[in-house]
Structure formats: C-alpha cells, structure tokens
Amino acid sequence: MYVLVLFLSVLSQNVCANEKSIIGGIFYKDSDDMKVALEVSAKNFNFTASIKEVSVRGEILEVSKYVCELAEEGVIGIIDGTGGRASENIQAICDMLELPHVSIQHNDLYSENWSVLNMHPSPTAFNMVLENLIIHKDWRNFTLLYVKGHSLLRLGDLLKMGNDSYPYVVTLRELSGDNYREVLIDAKRNGYTNFVVDCPSRNLEQVLLHAQQVGMMAEEHSYIFLSPDIFTLDMDRYRYGGVNMTGFRLVALQNKDNEKLWNFTTTFNQETGKELEPDQFKTKLLLIHDAVEVISAAMKKLKDVKAEFLSCDSYKAWNYGSSLLNFMKTNKVDGLTRSLIFDGLGQRTDVTFDLLELTSAGNQSIGMWTNNKLKIDRPIVADAEITQEAALRNKTLKVLIAIAPPYGYLKLSHETLEGNDRYEGFTIDLIEKLSEILGFSYEFEVEQDYGSKTETGEWTGMALQLREDKADLAICDLTITAVRQSGIDFSTPFMTLGIGILYKEPSKQPPEMFSFMAVFSKEVWYYMMLIQLALGVTMIFVGRISHKEWQNPVPCIESPEELSNQFSFANSVWLIIGSVMQQGSEIAPIALAPRMITSVWWFFTMVMVASYVGTLVAFLTVEKNVLPFNTVEELYNSKSISYGAKKKGSTKQFFEDSTSPVYQAMYKKMVAHNWLVEQNDIGVKMAETTQYAFFMESTSLEYWKERHCDLLQVGGLLDSKSYGIGMKKKSPFKKYIDDALLHLKENGEIEKLRNIWWKEKRGGGKCGEKRDEEQKQLGMKNMLGAFVVLGVGCLIGLFISIIDMLWGVFKRSVKYSTTFKYELVEELKFALKFSGSIKPVKRPQKTPVDGSFEALAKAEGKDDIRSLHSIKSTDTRRTQHSHSSRHSSRSLSVAFAKRRSYS
Ligand code: GLU
C-alpha cells in the first residue's frame, strides 16, 4: 500500500504542467444539458472535463465511487449537479481530500465545510429579497407553497414573518405527489390569493398548469416564484388571465453585447442542436459556466498549481486545494449570473437579481435586487389594452339565456344533465365560440323575461340582472331597443331582422274564369296590342312605298292603266292577326321590305305563342292561395281575424310606441282582447289552429315556417332591427366581445350556426321544397327579347323600303325629266294618304299629240307595267285578291293624265 501511495505521489509530481487541468463533474444520468454545459465551459476556459453520471438518484455509494475516481484522475475541482444527500456525501469526501467542491444547487443548510463553494444564491439573499418584496407588495397574508422534499429551512426568515410580532399571516401548504390540484383547490376554498412558491424548476410547469386548471390564475391571484427559472418557461398561456406573477432572473440580459453569454449560447446550441435563446437557459447551466470561470480565475491567480492523483484510501489531501479554494472565494469575478461574490463559508452573497413580472404584454422587468436593496421601477405596461382583454381570460362569466327555439332549448336526453350541459341552441353555440376566442368560461342561467323599463322606471328581467351585476352577459333573441340601450350595453349586432306577420296558409281556390289571361302580365298584353297597331300602320306605309307591291289588278291586260296595292288597313291587320292566331292569311307580301317585316313578325308570334302555350297549362290547373289580408291595414280592417304578439317583448313594444294610428289602434285591441301571448310558440300554435295572425320577428318566423309548412309570412317587414348580446353599461368585455363577434361574422361562423339551427337541427328542412310552387307570370322581362327582334326587323324593313322608294323616285325623275324632289314629294304625298289602293300608271309628261289626256295615259302605262310582267305569272292568284278596281283602266289613265298636267 505504501509503495502504491509513493508511486502515485511520484507520478503526481510528474503530471505534465503543459497538459490541460481537469475539472470533474458529477451529474445525474438524465442531466444531459448540464454535462454539455460543463464540456462547453471547460473548453472555453481551456480545461478538460471529466464527467461521471450517477444512474440512481440519491445513491450515495455510487456517488462516493465517482468522487474517488475523479480524485484519482487528478481533477482540480468537482462541479456537483446532484444536490441533497448525494451532495453532502461529495462534500464530505472533497473536504477530506481538500478538493474544491462547487455546488450549483440551492442548498438547504448553511454548510460549515470549508471545501464547498455554492454558486446558487444563498438562502440569506433569498430571504432578504422575498421579505422586501412582500413588504413592497403589501401582502398582509400569504401562503407558502412548497414541494415535499424541497426544504423550507432556507426560507426561515420568511416563516418568521408569520410570528405574532409581525402583521403578516403566513400559511403553509405542501405540494406533494404529482397532483397539486387538491392543495390548490383547498387554498382557493380558503380564499388564499397570495402565494410564495418554492419548488424545484422541474415542477414549475406542473404547478402552473394545475393552478390554471383549478381557476387560480385570475386577476385576484398573486404569486412570487423562488425558482430563478420561472421566466425561462413559456408563460404565454397565463399572461392574459390577469394573474400577477413575480420572479427573479439571475442572468444579465440587459447587457446586449454580453459576449460571454452569446459565446456560451452559440457553442451550447451547436453541441446540443437546440436553438435556445439566452433567456431560456436554466440557471443551473449558467452556474456551471460561472463555476468553471471561478476556478479558471483562481487558477490564474494561483500560479504553479499542480494537479495530483489523489486516493480516497490514503486520506492524503491535495496540497493546492485550500489555496485554490481561498482564491475562488475571494476573487471577484463577473460571470453570466453577474458578480460572483462569496462569503467565508462559500455562500454566494451580494446577488443581483432582475425582478420580473408577467403582464399581458409578456415578461416585464419591474426592478432589481442589488446591493441588498430592492429597486422597483415598473415600466408602463406596453400593451395596456391587452391587460383589459385579460379581464376575460380565465374568468367565469354568468350568462343569461332563454329557452326560446332556436336560440335556446332544453337538451333532450335520457340521462339527467347538469350545468351547462342542459342547454343547446344557437346562442349556446355562439357563446361557446366566443369563449374559445376570448378564453373565458361560463355558467348559464335561464331567464325568460328579456327585460325592459317599466312605467315607474324600474328595470326587469335580464336587463335588471345585468344592471345589478348579477350576470355578465345576456344572450338570446334580445332585440336592441332604445329603451334597453338606455340601461344596458349591447354588443355589435349578430343578426338583423324585422317584424313580420305569421299566418296560416289559406285554402286553395280554383282557377279563375279568365286565368288564361294571366299567362302574360298586363303590360305584355298592352304592348302586344300596341305593337299590332303600329305594325299595321308600318305595313301599309311600307307596302305603299314599295315599288313591287303595286300590281296589275287585271293580269290579262298587258298595259293596265292602274296598279293596285294589297296593303290596305284591313289587309294589313288581317295579315298580322292571322299570324298571331297561327292561322295565316292569304295576303302575301311581294316586295323585300314587307316580306322582311312579315318574317320578323312571324318569328315574334312564334316565340309569343310558344311561351303562352307552355305556361298556359299551369295557369289553368294551379289553385291559388287567396289570403284574407295582404297588409297590416287589411288585417286591422278584417272583422274575423284576431292578431297579437309576444307579451313581454320588443314586438309588442313596437306597437305600443308607434306613432301610426293603425298600429296604435291595433295595440289597444291586442291588449283589450288579451291577444298577447307569453311565448312565441304559443302564438305560433294559435296562428296554426285559429284565425289568428301573429306578429313575430322575421328570424323566428323563418324558423317556425321551416317546421310548420302550413304557415307563411304575409306581406313584408314592418321595421328593421337587430339582436345583440346584452351586458352592463360600460362593461369591460364589450370591446372584446364585439371584436370576437365581428370575427365570427366575417369568417361565416354565425351563418353556419344559423343554418344548423334553422335548417337542420330539431326538425329543420321539412318545408324547404314545398314553397315555390306558384306559377310565375310571364312579364315584359321575359318577353323583351322577342319585342326587340321584332323592332329591329321592322326598322330594317322600313329602311329597305325607303331605299326602294328612293330608287323608284329617282328612276321616274330621270325618265320623266322632272326633279327628284318633285317626284319624292309626289310619292310621299300619295303614300302618306294611307288611302286608295289603286295607283294610276304614270305617263311621260309631254303635251299630248292629239291634245287629249287619253293619249298621254296610254303612253305612260306601257313604261310602268313592263316590269310587272315577270312577276305576274307567279302572282296572278294574289292579284285576284287585290281589290278590283271599280273604275275602268281607261278612265283612271285619263284621271292620272289630268293630275300630271295640273298638279
Ligand atoms: N326579441 C324580442 C325581445 O327582445 C322578443 C320577441 C318578440 O318580441 O317578438 O324582446
């Protein structure tokens, strides 16, 4: 044995001075981050790390073995990440070997061992800062929540605040096991609101979660957390609840160019593959860095330190241990957790903490603990508005609802339901959606009276409850009215509506005698008649100016002295009516223009007749509803029909407050005859079974119509208004409820809910297809196209005939050496006379050879008739239908010759 010790000591003398010193680390197996932190820090300060992993927590033998192994490796100090009994054991061995033992855990007891150096702020520091903070917060009573096994002793001074000599009441509650809810519920029942939480960093999340679950994260609750890791957690989900949470932070983040911190963060992230931000590092990791830095600084001061391979068996202490430790305690170093100052017992003193508070705008620094003094300089909360919103999160609101389909129903179930489960409906779902957005919870209470102001100025129903703060919200088919608005606030409207009349569908009446006329609307009939007249005139004119329409009335006479035209008024009308009746007529146009006009007319009649026939059957067979009234006035005048509205509602109020004499009179009648009903469903039943018209809001009316197919809405709406969520005046929730409602409206959620509760659930969709069976009359809208085609066709025809006429006029003016104008005037005069279907054959204007007019007439007849020969053969039949002249051709030729010379 002696030889071995001698050998080791010789060997220790030879530890190469150039080799890196080794820093030992003892951590539990699951503390990967701590191991990396030591490796990274050791590398930064030019050390080598030797790490031992303890597999079983609190296993002293294993820990002892590792300390001895590290001592044998020649470490210059041991960083201990274990804590508790294991730490005590390490400390004992290090004490014996005079090996610096650096703890990073909070310690329960003031260690009297000289070899220990505790990086964690001392209990004295914590006691001081807590005491000051509690005094600053003016907590007269508080509860200390601690986790079992996590010592209370370090908070001795705090406990003393509960002594009789202090004006404070201190209560203790132990958070044992995994379920902290029971303890928290108990604290809640006892009305405790201020808590100091002392628990290890690993339990923090669980404590927070359970506190939230039992409703201990509301405005009235305040917490101070001892763990400096509290603000490394994601606190987002708690920040809107209004809860006050205060905690400490050791790391100096304000110093943005803290290079050490950034280097450490970068190398740590590189090693672990994590993406931690500097403020997300757990305190222990930073303390490991600072421990290595303290050792490094001391090593620099104490030159020529030689590591030695020590043995637990030889009880030989390390020569340099005590000196190194002394330097570690006295050296003033600035680490990641600010100034590292220790007292003679190796406890960290003069600690500087940032004081942080959780606000709705995130974590905010509210001051500092430095030089053993509390400095509070709370900044203005950046987002004050969010703080308001916090008023809703985690709050339990009392919500008034009404059992009024489809806004609220009692749920049908074979089980006995309790609480909110008892209700369903549109407003129940709407509140659910709002609570999802705003994070509040709610309790329903049924109130059937929506409330208003009585004549004596007292409020009733929902309005009263809201005003007296007995409820937070009222949601049902609550109409926004001026009277209500004077006493309570309303959210932005979530539905618009008006008053309608619900009445039962009257029995069907057989079709009327002249129902065949109803196929077309009146205006179509009028236009048809008008257009026939106009067309008749057009046909006459076009016929008269169309050259080819003037025909030889007696085909066997080759050179007639007169020409006849078939387009007399009677013929034109006959042609038009014949086509309308689909019978045709024997009148057939010859010239292009009349043919064109006739074609478009035939097309028009084809469309009109087809449309008429197609719709006629329906009009002859459909039985029509004949309503006993169509307007409110008619209802008022009706002797046999009674009417009413909901007794305590805005509809009744509408009639009561109306300035219209009819509505006023109706209201008086409703009251006098007791026609007002308690609830909408009673009114609906009366409307269905008796001669009763029920005034109802259109939204509800639609709902009932959808399920009672024999009911319908008569006439339009009497007014326009909306539903809103009621709340007390100046309610802090209004803005957030409004925003959330708008959001639900914009993304179509409210419409979706409406469809579900109106058209699908509880018997919806029953009468959907039934309604629209009434046959639609064909109006001008439907037939306009045919009219347009006819109009355009006529215009084209007219245009062609005018060209034709002009051409004829031109030819004649050349032929008879007259002016174009003269011929045109003559032609128009003749055409516009609209009378006389006989046209004399024209003669050249020259002095008759024999001086007689007879000779002149003969000469002219030859010229004009020539062209007619070609048509004559095909149109002989037609010419026979022309009006035969009663005059002889000879006498007419004479007459024309006279006109030519004297006119
Ligand atoms: N919506 C009405 C109100 O808020 C109740 C129904 C009615 O009067 O038709 O009073």
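The notes below deal with the structure included here. In this text, all values refer to a predicted model and were calculated from it rather than measured experimentally.

1. A few points about the overall build of the protein chain
At step 1: In terms of helices and strands, the protein chain carries 30 helices and 34 strands.
At step 2: Per-residue burial for the protein chain yields a buried fraction of 50% across its 903 residues.
At step 3: When contacts within the protein chain are restricted to residue pairs at least 6 apart in sequence, those whose partners lie at least 24 apart make up 71%.
At step 4: Summed over all atoms, the accessible surface of the protein chain reaches about 43200 Å², with 54% contributed by carbon and sulfur.

2. Overview of the pairing of strand β17 (residues 396-401)
A regular strand places its side chains so that they alternate between the two faces of the sheet.
At step 1: Sheet topology places β17 next to strand β20 (residues 441-446); 6 bridges connect them, and they run parallel. In the sheet register, Lys398 faces β20, and the bridge partner there is Glu443.
At step 2: Both β17 and strand β21 (residues 473-474) contribute to a ladder of 2 bridges, which runs parallel. From the neighbouring strand, Leu400 faces β21, where its bridge partner is Ala474.

3. A word on the site of the ligand
At step 1: Surrounding the ligand, one finds Tyr450, Asp477, Leu478, Thr479, Arg484, Lys646, Gly649, Ser650, Thr651, Glu697 and Tyr723.
At step 2: Within the backbone of Ser650, an N or O atom sits 2.9 Å from an oxygen atom of the ligand.
At step 3: Note that an oxygen atom of the ligand is positioned 2.5 Å from one of the side-chain N or O atoms of Thr651.
At step 4: Expressed as a share of its isolated accessible area of 290 Å², the protein-covered part of the ligand is 100%.
At step 5: Across the shell around the ligand, the residue classes break down as 3 nonpolar, 4 polar and 4 charged.

4. What to know about the nonpolar core
At step 1: With 81 residues, the main nonpolar core has Phe426 and Phe695 as its most contacted residues.
At step 2: Among the nonpolar cores identified, the runner-up in size contains 63 residues, and Ala86, Met119, Phe264 and Ala291 belong to it.

5. Focus on the sheet that holds strand β4 (residues 101-103)
Whether parallel or antiparallel, the strands of a sheet pair through hydrogen bonds between backbone atoms.
At step 1: If you trace the 5 strands from one edge of the open sheet to the other, you get β2-β1-β3-β4-β5, paired in parallel fashion. With partners counted over all chains shown, the strands left at the sheet margins are β2 (48-54) and β5 (116-118), one partner each. Sheet twist, expressed as the average angle between the axes of neighbouring strands with direction ignored, equals 25 degrees.
At step 2: The strands touched by helix α2 (residues 32-44) are β1 (22-28), β2 and β3 (75-80); relative to β2, the strand with the most contacts, the crossing angle is about 170 degrees.
At step 3: Sitting on the sheet, helix α3 (residues 60-73) is in contact with β1, β2 and β3, with an inclination near 165 degrees to β2.

6. Focus on the sheet that holds strand β30 (residues 692-697)
At step 1: One open sheet accounts for 4 strands, arranged β29-β30-β24-β31; its pairing is mixed. In this open sheet, the two strands that pair with only one neighbour each are β29 (642-644) and β31 (711-714). Pairs of neighbouring strands in the sheet enclose a mean axial angle of 30 degrees, with direction left out of account.
At step 2: The pairing of strand β24 (residues 499-504) with β30 spans 4 bridges and is antiparallel. Directly across from Ile499, in β30, lies its bridge partner Glu697.
At step 3: The sheet strands contacting helix α20 (residues 650-657) are β24 and β30, and the helix crosses β30 at an angle near 105 degrees.
At step 4: Along the sheet, helix α23 (residues 698-707) makes contact with β24, β30 and β31, crossing β30 at roughly 120 degrees.

7. Quick look at the packing of helix α13 (residues 426-438) against helix α25 (residues 749-760)
At step 1: Remark: α13 packs on α25, axes separated minimally by 10 Å, with the N-to-C direction vectors making an angle of 150 degrees. For the element pair α13 / α25, the angle class is roughly antiparallel. Handedness of the crossing formed by α13 with α25: right-handed. Of the residues in α25, those touching α13 at Phe426, Asp429, Leu430 and Lys433 are Glu749, Ile750, Leu753, Arg754, Trp757 and Trp758.

8. Brief notes about the state of the cysteines
At step 1: Under the defined criterion, the tally for this structure stands at 1 disulfide.
At step 2: Residue Cys68 pairs covalently with Cys312 via a disulfide, S to S 1.9 Å. With the S-S bond torsion at -105 degrees, the cross-link from Cys68 to Cys312 turns out left-handed. A residue pair is termed long-range when its members are at least 10 positions apart, and Cys68 in helix α3 and Cys312 in the loop between α10 (283-301) and α11 (321-330) qualify at 244 residues.
At step 3: The class for Cys68 is buried, based on a relative accessible area of 16%.
At step 4: Exposure remark for Cys312: the relative accessible area of 13% places this residue in the buried category.

9. What about unusual backbone geometry?
Leaving glycine aside, a negative phi is the common case for residues, and trans is the common case for peptide bonds.
At step 1: Here the residue pair Pro405 and Pro406 is connected by a cis peptide bond, since its omega of 0 degrees sits within 30 degrees of zero.
At step 2: Residue placement: Pro406 occurs in the loop between β17 and β18 (409-410).
At step 3: In the Ramachandran plot, Asn674 falls in the positive-phi region, its phi being about 55 degrees despite a non-glycine side chain.

10. Things to note about a nonpolar patch on the surface
At step 1: A surface patch of nonpolar side chains, about 520 Å² in accessible area, is lined by Met513, Phe514, Phe516, Met517 and Leu620.
At step 2: You can see Met513 is positioned in the loop between β25 (508-509) and α16 (522-545).
At step 3: Note on Met513: relative accessible area 68%, which makes it exposed.

11. Let's talk about the packing of aromatic side chains
At step 1: Counted by the stated rule, this structure contains 36 aromatic pairs.
At step 2: Arranged with centres 5.1 Å apart and planes meeting at 75 degrees, the rings of Phe268 and Phe281 form a pair that is edge-to-face. Of this pair, Phe268 sits in helix α9 (residues 259-272) while Phe281 sits in the loop between α9 and α10, and the two are 13 residues apart along the sequence. Considered together, Phe268 and Phe281 belong to a single accessibility category, that of buried residues.
At step 3: Centre to centre, the rings of Trp550 and Phe830 are 5.5 Å apart; their planes meet at 45 degrees, and the pair counts as tilted. Here Trp550, found in strand β26 (residues 550-551), pairs with Phe830, found in helix α27 (residues 820-832); they are 280 residues apart in sequence, far enough to count as distant.
At step 4: By relative accessible area, which is 1% here, Trp550 ends up buried.
At step 5: Of the aromatic side chains, those joined through ring pairs into one cluster are Tyr643, Phe654, Phe655, Tyr663, Trp675 and Phe695.
At step 6: The lysine or arginine in question, Arg754, covers the ring of Trp758, its NZ or CZ lying 5.1 Å from the ring centre.

What counts as what
- Residues numbered from 1 in each chain as written.
- Predicted model: local features only at pLDDT ≥ 70, side-chain atom pairs only at ≥ 80, totals over all residues.
- Heavy atoms only, no water.
- Helix = DSSP H or I, 4+ residues; strand = E, 2+ residues; numbered from the N terminus.
- Buried < 20%, exposed > 50% of the residue type's maximum accessible area, 1.4 Å probe, protein only.
- Contact = heavy atoms within 4.5 Å.
- Areas by Shrake-Rupley, 256 points an atom, 1.4 Å probe, with all protein chains shown as cover.
- Pairing = 2+ DSSP bridges.
- Near = heavy atom within 4 Å.
- Polar contact = N/O pair within 3.5 Å; in protein donor to acceptor, adjacent residues only side chain to side chain.
- Nonpolar A, V, L, I, M, F, W, Y, C, P; charged D, E, K, R; others polar.
- Core = buried A, V, L, I, M, F, W, Y, C linked by side-chain atoms within 4.5 Å.
- Axes fitted to C-alpha atoms, helices over the stretch in contact; angles between N-to-C directions.
- Parallel < 35°, antiparallel > 145°, perpendicular 65-115°, else oblique.
- Left-handed = near helix turned anticlockwise from the far one by under 90°.
- Disulfide = S-S within 2.5 Å.
- Patch = residues over 30% accessible without salt bridge, like charges linked within 9 Å, V, L, I, M, F, W, Y side chains within 5 Å.
- Salt bridge = Lys/Arg side-chain N within 4 Å of Asp/Glu carboxyl O.
- Phe/Tyr/Trp six-rings, centres within 6.5 Å; stacked < 30°, edge-to-face > 60°.
- Lys NZ or Arg CZ within 6 Å of the ring centre and 35° of its normal.

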